[in-house]
Amino acid sequence: MANSEFTKHPALSLVMLLIALFLILFLIVPVVLVVFVAFQDVTTGQFTLINFKDFFNTALFRESFWNSLYVGLMTVLVASVFSMPLAYFTSRFEFKGAVIVQSLGIIPLIMPPFVGAVAMMMLFGRNGSVNLLLEEWFGINIPFMEGLNGVIFVESLHYFPFIMINLSAALNNIDKSMEESAQNLGCSGFRLFHRIVLPLAMPGFMAGVSLVFLKVFDDLGTPLLLNVNNMLAPQAYLRISTIGIKDPMGFVISVFLVVIALASLWLAMLALKGKDYATVQKGGGGLSKRRMRPFEKVMAWCIILLIMVLVLAPHFGLTLLSFGTIWSYSILPDGFTLHNFKAVFSETPEYMTNTVLYSFLAGLIDVILGTAIAYIVLRTRLVGRKVLDYVAMSAVAIPGLVIGIGYLRTFFAFRLPWLADQPLATWWFMIVIALSIRRLPYALRACTAALQQVSVSLEESAENLGAAKFATIRKIVIPLMAGGILAGFVTSFATAAVELGMTLMLVSTNADGPLSYGIYVYMQSAAGRGPGAALGIAAVFVVGVCTLISHVFIDRRQKKLGMRQVG
Amino acid sequence: MNPNGQADTSHANTGVTLEGISLSFGRTQVLKGIDLKINSGEFFVFLGPSGCGKTTLIRLIAGFESAQAGEVRIGNQEVSHLPPWQRNVGMVFQSYALWPHMTVRKNVAFGLEERHVSRSEIKKRVDDVLDLVDLSDLADRRPSQLSGGQQQRVALARTIVIEPQVLLLDEPLSNLDAKLRVQVRRELRQLQRRLALTTIFVTHDQEEANTTADRIAVLNDGIVQQVGSPMALYDRPANLFVANFLGVANVVAGAVVAQESKPFFRSADGSVVVPIGESSAGASHIVFRPQNITIHLSDAKLPPGMLRLSGRVDHREFLGSIVRYRVAVGQHFLLVDASYQRGESPITEGTLVTLSLNREQIIALNQ
């Protein structure tokens, strides 16, 4: 059977083999090597647990471990507090603010937390605008940004939409009759929420929670920029960048990062297993909605505006910082100028050009791989196609930092003769490959969804009329998938443009650095904050504009083809 | 009062009275002045096509809708102002609305827990009701692990365990397959008799209504068209809608004319002329059922005293137990059912036939 499949699709089999080699070389080998090194004795190369013993015998590492867990859990908690009222308002009431609330969801995609971290320091830090005002009015100073608080605050503001969107989707999937039957049996008010609504929404909520926990636990940029080093990801980075690639501690920490990431995904799957609580009946839909009373409306708007202000604070702060002259111990910058933008564009234009180049290439690789894998998985029975899909998707659970460390370890020994024997690991193109591996899951998901919408009969009728396989793919399948492919490209492009953990490991000279790296470098010094913020604004602008253009384009195309857009 | 704090329903009046109920959603008038009296312990059916307002009406009784005008009384108590959770009215939803995160036992115990019944009492009553609906073995399953019929019984058990004053059933059989539907409606009827529970059943299926109801209210367009026992409605429909909705009917439009000083009903084209009672002077339509007509080959001899019509077989359908002929009589097409015997050869299309009909079977309607 398998044989006949290979003879049926000889070219596709070859493509599949090439993709498999690519994934093995650039995803599996580096990650496996990281785990391998963690269990290897540094001098003898024997299998050992000594590195893990050393890890737990070092007070700083123990502290970092608990701090990372604490920050992850607290972020989830704070993000849930933000999410719950918003999800509740939009799913439960006829409410005009629902549109605003839903569009909050794209904000974390546009700007990663580390970009706004320093700006948040300026606004909410000990001597930031808010505390200066609080001191003036009430004589108090709230430690929003002290140590771990700062990381929790910044991360939860950025990532709560993941919980909110999942939660409100879950709430909208609860049929009206679920509530009504409980009311009919005598249940109402908070008991109704607690006994029926909350348990039914739990799986969706858990999905959001695990995603947020994962992102926060792996995040390197935010703690580094807030100068919080006693967490796992910063420790891994600092060990490798100060002691070197031979030091096993960076690898041990990487193992923890991967294991905890997998564990939280696994827990989420466990929570969801056998609990498809989507109870909407045909013709039914959503919790019963009612109009808000005037008083409730005022309260709801107050809560929403408060959360909006907090969500936009990093963006607002970043804007102030980028246009400001000197901003220190004052509520607002002393003056406003375009100097910062001039400085970054004249002194370090390479950050911009590198970003566009790297992200473009990474996005391109992703959609090519994504389209090919989607086609192989959905349209052929080639042996191993499912494994290919799983492996490509698994990159979602591997922290960027770990991939970076793995690349350094795997490819450092290879020299490039045409570049004065530079190590392969530090060649700029490796950044592109690493970015494409890391963002492949996004593109793959988009391509798969797009291909699922293309009916097989459209291809069969082309073949029936005499088109060969590749002609069919080129003339029928790819044009019909174009919207999805573009969506995949933009997501890959946009998120690759602001990836930091991995680029920090792989960039060897400033000239090779992309925007995220540039922001990090600038933000290291007080004088660099202005230009750093200007770069941040540039990053938000690039990503935002790309996302917008693709949305408009996809929308128009879908309308033209009369196709319905699916999730 | 029984232990769960609700009024004892076994002897009390649990009839439902609806008076002058009008309800609109926006500009759409859904219920237009409904007056109904449902007796204590009665199995009452709201029957009507989709969109007639029947579901809105039981949702109103359960407290999920509120009327712009009118009163809802259960027993002697006006309940319009009470929220759903303070009415002692049990509703079985069309979708069953079983909570997927709870076992069968937890689903059934829910209403009792909300009523703060003691734990031992809950256990006893849940066991009893699961026994009653024959689900004791499945008490620890989740709803998703049950078949449609089992889910339906859980939904019923969950509702009757709270001993509601009134049981409301919203198309409870519509999600079951045809065979099961027949079985479940029988069980439902037996259970209702045993518990002597005032029951309102909503359906669009006339067979379901006929087989279960003590009385039926036929609804259309937000108005009660007629109330009565299934046979009364079938025999004496108040209007064309009821006549057509309950069973198949031949309807002939025309007017009453005097012939030899006796009243006759004459169709517009004159092809159907039948004598009619003195009381039906203003009739504009006559209605008769296909099974009350007998079809004969035109040369056959007819029994005396029967009305006769001549026509030609236009079309026929074999329905198993009967053959249904469509016979052209003038400009009218009349349906005629002939019981089918094994091996019989039916009358072929195009044959000239004579139809005979007992005048007692003719219903005269004046609208």
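Residues numbered from 1 in each chain as written. Chains lettered and ligands numbered in written order. Predicted model: local features only at pLDDT ≥ 70, side-chain atom pairs only at ≥ 80, totals over all residues.

Draft legend 1. Spotlight on the overall build of chain A. On a plain count of helices and strands, chain A comes out with 25 helices and four strands. Computed over C-alpha atoms, the radius of gyration of chain A comes to 25 Å, within 12% of the 24 Å expected from 2.2 N^0.38 for 567 residues, which places it in the range of a compact globule. Over its C-alpha atoms, taken along the principal directions, chain A stretches across nearly 80 × 70 × 50 Å. Per-residue burial over chain A gives 46% buried out of 567 residues. Sequence separation of 24 or more characterises 77% of the internal contacts of chain A that already satisfy a separation of 6 or more. (Helix = DSSP H or I, 4+ residues; strand = E, 2+ residues; numbered from the N terminus. Rg over C-alpha atoms; globule rule 2.2 N^0.38 Å. Buried ≥ 20, exposed ≤ 12 C-beta atoms within 10 Å, placed from the backbone. Contact = placed C-beta atoms within 7 Å.)

Draft legend 2. Quick look at the overall build of chain B. Per the secondary structure count, chain B includes eight helices and 20 strands. Oriented by its inertia axes, the alpha-carbon framework of chain B measures out at about 80 × 50 × 40 Å. Counting the 367 residues in chain B, one finds 40% classified as buried. Excluding contacts between residues fewer than 6 apart, the proportion of contacts in chain B whose partners are at least 24 apart in sequence is 65%.

Draft legend 3. Representation of the pairing of strand β17 (residues 322–329) of chain B in the model. Residues and elements named next belong to chain B. Relative to β17, strand β16 (residues 307–318) runs antiparallel, the two being bridged by six bridges. Looking at β17, one finds that F318 is bridged to V323. The antiparallel hairpin formed by β16 and β17 contains three residues in its connecting segment, where G320 sits at a positive phi of about 100°. The pairing of β17 with strand β18 (residues 332–339) spans eight bridges and is classified as antiparallel. Bridging from a neighbouring strand, A328 pairs with F333 of β18. (Pairing = 2+ DSSP bridges.)

Draft legend 4. Structural context of the domain arrangement of chain A. Residues and elements named next belong to chain A. When cut into domains, chain A gives domain 1 (1–18 + 338–567) and domain 2 (49–335). Averaged C-alpha coordinates put domain 1 and domain 2 at centres separated by 26 Å. In this complex, domain 1 contributes 32 residues to the contact, which on the side of domain 2 involves 30 residues. Taken together, the elements giving at least two residues each to the side of domain 1 that touches domain 2 come down to α16 (339–347), α19 (400–411), α23 (501–506), α24 (515–523) and α25 (529–561). Counted by class, the side of domain 1 that touches domain 2 contains 23 nonpolar, seven polar and two charged residues. (Domains from an automatic or database assignment. Nonpolar A, V, L, I, M, F, W, Y, C, P; charged D, E, K, R; others polar.)

Draft legend 5. A look at the domain arrangement of chain B. Residues and elements named next belong to chain B. We note that the domain assignment places domain 1 (16–244) and domain 2 (248–365) within chain B. Here the C-alpha centroids of domain 1 and domain 2 sit 40 Å apart. Facing five residues of domain 1, the contacting portion of domain 2 comprises six residues.

Draft legend 6. Broad picture of the interface of chain A and chain B. Contacts between the two partners involve 18 residues from chain A, matched on the other side by 18 residues from chain B. Elements with a minimum of two residues in the side of chain A that touches chain B: α10 (176–184) and α11 (189–218) of chain A. Per-element tally for the side of chain A that touches chain B: the top contributor is α10(A), with seven residues.

Draft legend 7. Seen up close, the sheet that holds β16(B). All names here are of chain B. Pairing is antiparallel in the open sheet, where five strands are placed in the order β15-β19-β16-β17-β18. Looking at the sheet topology across the chains shown, the edges are occupied by β15 (293–297) and β18. Adjacent strand axes in the sheet meet at a mean angle of 45°, parallel and antiparallel pairs treated alike. (Axes fitted to C-alpha atoms, helices over the stretch in contact; angles between N-to-C directions.)

Draft legend 8. Just the sheet that holds strand β6 (residues 89–92) of chain B, in detail. Residues and elements named next belong to chain B. Spatially, β6-β7-β8-β3-β9-β10 is the arrangement adopted by the six strands of the open sheet, whose pairing is mixed. Here the strands that pair on one side only, and so sit at the sheet edges, are β6 and β10 (223–228). Taken over all neighbouring pairs, the strand axes of this sheet differ in orientation by 20° on average, direction set aside. Relative to strand β8 (residues 198–203), strand β7 (residues 166–170) runs parallel, the two being bridged by five bridges. If you follow V166 over to β8, its bridge partner there is T198.

Draft legend 9. Structural view of helix α21 (residues 456–464) of chain A. Of all nine residues in α21(A), zero are buried; the element is thus mostly exposed. Residue G466(A) follows α21(A) closely and has a positive phi angle near 105°.

Draft legend 10. Expanded view of the environment of Y325(B). Residues and elements named next belong to chain B. In this fold, Y325 is placed in strand β17. Classification of Y325 by C-beta neighbours within 10 Å gives buried; the count is 25. Along the chain, Y325 and V161 lie 164 residues apart, while their C-alpha atoms are 50 Å from each other. If near-sequence neighbours (up to four positions away) are discounted, Y325 is found in contact with I295, V313, R316, V336, A338 and I347.

Draft legend 11. Highlighting unusual backbone geometry. All names here are of chain B. Although it is not a glycine, Y96 sits at a positive phi angle of roughly 75°. Among the secondary structure elements, Y96 is positioned in the loop between β6 and α2 (104–114). For Y96, a count of 22 C-beta atoms within 10 Å puts it in the buried group. In the Ramachandran plot, D221 falls in the positive-phi region, its phi being about 55° despite a non-glycine side chain.

Draft legend 12. Highlighting the environment of E135(A). Residue and element names in this part refer to chain A. By the secondary structure assignment, E135 is in helix α8 (residues 129–138). We classify E135 as partly exposed; it has 14 C-beta atoms within 10 Å. Separated by 101 residues in the primary sequence, E135 and V34 have C-alpha atoms spaced 49 Å apart. What E135 contacts, discounting residues up to four positions off in sequence, is I140 and N141.

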